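# Chains, contacts and geometry: an overview
Each chain, letter by letter, is given below.
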There are 2 protein chains.
Amino acid sequence: MRIVAVDVHDVRFPTAAAGDGSDAINRGDYSATYVRVRTDSGPTGSGLTFTNGRGNEITCAAVRALAHHVVGRDLDDLAAHQVEFWRSITADPQLRWIGPEKGVIAMAAGALVNAVWDLRARVAGKPMWRFLAELTAEELVASIDFHHITDAITPEEALALLEKQAAGYEERLALLEKDGFPSYTTSVGWLGYPDEKVRELTRTAVAEGWRAVKMKVGGPIADDVRRAEIIRSEIGPDALLMMDANQVWDVDEAIANMARLRPFDPYWIEEPTHADDVLGHARIARNVAPIRVATGEVAANRVIFKQLLQADAIGVCQVDACRVAGVNEVLSILLLAAKYGVPVCPHAGGVGLCEYVQHLAIFDFLRVGGSLDGRMVEYVDHLHEHFTDPVRTRNGRYLLPTRPGYSVELKPESIKQFSFPDGPAWA
Amino acid sequence: MRIVAVDVHDVRFPTAAAGDGSDAINRGDYSATYVRVRTDSGPTGSGLTFTNGRGNEITCAAVRALAHHVVGRDLDDLAAHQVEFWRSITADPQLRWIGPEKGVIAMAAGALVNAVWDLRARVAGKPMWRFLAELTAEELVASIDFHHITDAITPEEALALLEKQAAGYEERLALLEKDGFPSYTTSVGWLGYPDEKVRELTRTAVAEGWRAVKMKVGGPIADDVRRAEIIRSEIGPDALLMMDANQVWDVDEAIANMARLRPFDPYWIEEPTHADDVLGHARIARNVAPIRVATGEVAANRVIFKQLLQADAIGVCQVDACRVAGVNEVLSILLLAAKYGVPVCPHAGGVGLCEYVQHLAIFDFLRVGGSLDGRMVEYVDHLHEHFTDPVRTRNGRYLLPTRPGYSVELKPESIKQFSFPDGPAWA
């Protein structure tokens, strides 16, 4: 089976007006650089990267620039030479320069690489979590480029870690089939929402069974304190309250503000400062303990995650499915997190991120992390209706996906309706 | 005076075939995302960001996405509100997501922001180095966004540093007018060149007066050793030999390989590993001392430089003029380097980078760093003929630019000839 074409769609949902998704630093129209790889034999694969509105045309252009590394490739050959394939995309001798391995070009690589993985899982007739979980330890290790991370984890260590976690696989799978995967909701406390909407949404979330909720902070601190008070009073003392500053604070400001928010017993503080600031996160972590520091949604690549872990800068690893260069790079980050004993709670929300990361969290539990302790997948109740295989939740838990693939296929009518700039939604 | 339009040109020079610019990780056609801002009163400003061939259309698209922050702005108003202006570009609530502050979107910001600074300098009738050097300390500090770096340097500290360096300005300027600014050449040792070409080019460089040369390493180590031997034998024991691995090594590999190359007395090892690896650079620096670690040409922003300095990871700061978001961000990096006592030796080569950074190095000496100790500007003898105000060197030193602006204006006939894909050079 040979890949014969890569289609790219600029899909944008007009969410900015409602304040959905507004935080201390981002306000936009939730968008997807949507990629479909087509084959000479029928099956297709879908991948996407999430963007925030304007600029989606730039990531689309980047996918087009990378597509020639995929078109013409035989699927079995590509599967058998994963590192060579992945490097052809991420270390292209001309395109690497405009990253390197970060920003637009890494996000485009993520969409494209994920589309190929989706294709492989579909051809195998398995949901992505199962497709990954049923690869051998050797196949998983052979899918990872260890370049620039061997000072933290070697292929041999990765293999040993995977082999050690083989025990208990069936029990873990049975547990997930029975209960689903733990999650938390970010739908209660966007900065764009007035207090009364926050209170109402928190009540609804509690009624729906959520025992962990996340609020945005990073506005005026008095507002953050007032909203934290509302949410904590609604969820009670035992539920988890996470806070997310979306990078708006300087390092010392983060430390000072978390002292103000400490009375509301935050479980973690997410993105307390600039995402590139490994040393800053480490200093914040030392000062706000036992509150955990969480980050990862815009961490550019495995080298950033490596350092966050080496520096004891994070207590929660929030890898994103398409900010880094797709499944291959995510695998390296899951293994790094496991080696350093840090739980992975993937970033979701946006467009299709919940659909994506449920697979990663499930795989991580089954084969890498091996524990549910401190593990939760983010859940945001936005835009799932546009997917052919949307996430399903029950009592604040993700149910196991059952259909083949990576779950980010958009409905044809949604692509048409929300294509930018020519779809009816934007006319 | 009001900015009324932003023009963007995709200009590419077919350099790949000759092996010019080839190193351990990059091989391409030296290119520029070339930006011109036009005003309602005649004067124009030019900026560019350097890319490596394919992908230049992506940075061009990113400039177009950012241009609305510039078009319609009054030049005096914009000059009076520098941080607000700069943040409108770098913290755009939709476009920030696809960086943030890194890669394509930061490089595009660099071209655009620099074009506006070029315009300001031209309107003032001064070369950029003089335009900057004649701003007051308060004006310089007001041009810098200290967000996310206040844990390393505050506006008050920056002001104090600038005020302290005011003494001796005239003497330093007189010195530069007499001797020019020290530099080194990278034209001798690209990986694409055969040994005999390396030997010949080194001889020519010595004959031309160069006392500091840089070679590329990161190929098979035996080849690196052989080429180091050739170059050291040609330049003699007293000239400086810099080495540049362009990120190809893992951390432990860098330490091991530098042990092999130590006999040739390297002055610095540049980009020994992945550019994002602050902790890795710090470990390499501890292990290869007294050989200095140098990096910066793809360091994404002030937050990365802040950490490299905080972690004692670099002994040489190689800021690039357009990888970070233009003059404003460069100013913050020059001040950070001065605070931590690390000399700035800007990255050059590519397209127009020598033209750009001569101004930065001169300004740094006059107002910030205040010393020539360990300071050298990179020089590569490529593509200067396409600029209306090309660099001039004598005896291995840059002569002071005298014409107004930032020196990166391309000749109209070069833009036409090398426009991609329609220019005659690409037909």
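Okay, so let's go over this structure. (Residues numbered from 1 in each chain as written. Chains lettered and ligands numbered in written order. Predicted model: local features only at pLDDT ≥ 70, side-chain atom pairs only at ≥ 80, totals over all residues. Heavy atoms only, no water.)

### Things to note about the overall build of chain A
When you go through chain A residue by residue, the secondary structure sums to 16 helices and 12 strands. Against the 2.2 N^0.38 benchmark of 22 Å for 427 residues, chain A shows a C-alpha radius of gyration of 20 Å, consistent with a compact globule. Overall, chain A is about 60 × 55 × 45 Å in size when its C-alpha atoms are taken along their principal axes. Here chain A holds 427 residues, and the buried ones make up 67% of them. (Helix = DSSP H or I, 4+ residues; strand = E, 2+ residues; numbered from the N terminus. Rg over C-alpha atoms; globule rule 2.2 N^0.38 Å. Buried < 20%, exposed > 50% of the residue type's maximum accessible area, 1.4 Å probe, protein only.)

### Some points on the packing of aromatic side chains
Tallying each qualifying case throughout the model produces 22 aromatic pairs over all chains. Centroid distance Trp97(A) to Phe50(B): 5.4 Å. Interplanar angle 65°. Geometry classified as edge-to-face. Taken together, the residues Trp97(A) in the loop between helix H3 (82-90) and helix H4 (103-124) and Phe50(B) in strand E3 (residues 44-51) connect one chain to another. Judged by its relative accessible area of 7%, Trp97(A) is buried. Note on Phe181(A) and Phe365(A): the rings are 6.5 Å apart at their centroids and 75° apart in plane angle, and the pair reads as edge-to-face. One end of the pair, Phe181(A), is in strand E4 (residues 181-189); the other, Phe365(A), is in helix H15 (residues 353-368), with 184 residues separating them in the sequence. (Phe/Tyr/Trp six-rings, centres within 6.5 Å; stacked < 30°, edge-to-face > 60°.)

### Some details on the packing of helix H1 (residues 56-66) of chain A against H4(A)
Residues and elements named next belong to chain A. As a packed pair, H1 and H4 sit with axes 8 Å apart at the nearest point and diverge in direction by 65°. Where H1 crosses over H4, the two elements pack in a sense that is right-handed. On H4, the residues that touch Ile58, Thr59, Ala62, Val63 and Leu66 of H1 are Val104, Ile105, Met107, Ala108, Ala109 and Leu112. Of the residues contributing to the contact of H1 with H4, the split by class is 10 nonpolar, one polar and no charged. (Axes fitted to C-alpha atoms, helices over the stretch in contact; angles between N-to-C directions. Left-handed = near helix turned anticlockwise from the far one by under 90°. Contact = heavy atoms within 4.5 Å. Nonpolar A, V, L, I, M, F, W, Y, C, P; charged D, E, K, R; others polar.)

### Here we look at the sheet that holds strand E2 (residues 31-39) of chain B
All names here are of chain B. The three strands are arranged E1-E2-E3 in an open sheet whose pairing can be described as antiparallel. Since the sheet does not close on itself, it has two edges, and those belong to strand E1 (3-12) and E3, each with one partner. Across the sheet, the mean angle from the axis of one strand to that of its neighbour is 15°, orientation sign disregarded. Strand direction decides the pairing type here: E1 and E2, joined by nine bridges, are antiparallel. Note on E2: the bridge partner recorded for His9 is Tyr34. Against the sheet, helix H4 (residues 103-124) contacts E1, E2 and E3, and its axis sits at roughly 150° relative to E3. (Pairing = 2+ DSSP bridges.)

### Observations regarding the pairing of strand E7 (residues 266-270) of chain A
Residues and elements named next belong to chain A. In terms of burial, E7 is a largely internal element, five of the five residues being buried. Inspection of the sheet shows strand E6 (residues 240-244) paired to E7 by four bridges, in the parallel sense. Counted as the bridge partner of Leu241 is Pro266 from E7. In terms of handedness, the path from E6 via helix H11 (residues 251-261) over to E7 forms a crossover that is right-handed. Bridge count for E7 against strand E8 (residues 292-295) is three bridges, and the pairing is parallel. (Right-handed = clockwise from strand over helix to strand, strands pointing away.)

### Focus on the interface of chain A and chain B
Counting residues at the interface gives 65 residues for chain A and 65 residues for chain B. When the two sides are added together, the surface that chain A and chain B hide from each other amounts to roughly 5,400 Å², 54% of it contributed by carbon and sulfur. It is Arg54(A), Gln94(A) and Trp97(A) in chain A that bury the most area against chain B; as a group they hold 17% of the surface buried on that side. Scanning the region where chain A abuts chain B turns up six salt bridges. Going through the elements one at a time, strand E3 (44-51), H1, H4, H11, helix H12 (278-288) and helix H13 (302-310) of chain A are the ones with two or more residues in the side of chain A that touches chain B. Among the elements that line the side of chain A that touches chain B, the one with the most residues is H1(A), at six residues. In terms of residue class, the side of chain A that touches chain B is built from 26 nonpolar, 22 polar and 17 charged. (Buried area = accessible area lost by both parts, 1.4 Å probe. Salt bridge = Lys/Arg side-chain N within 4 Å of Asp/Glu carboxyl O.)

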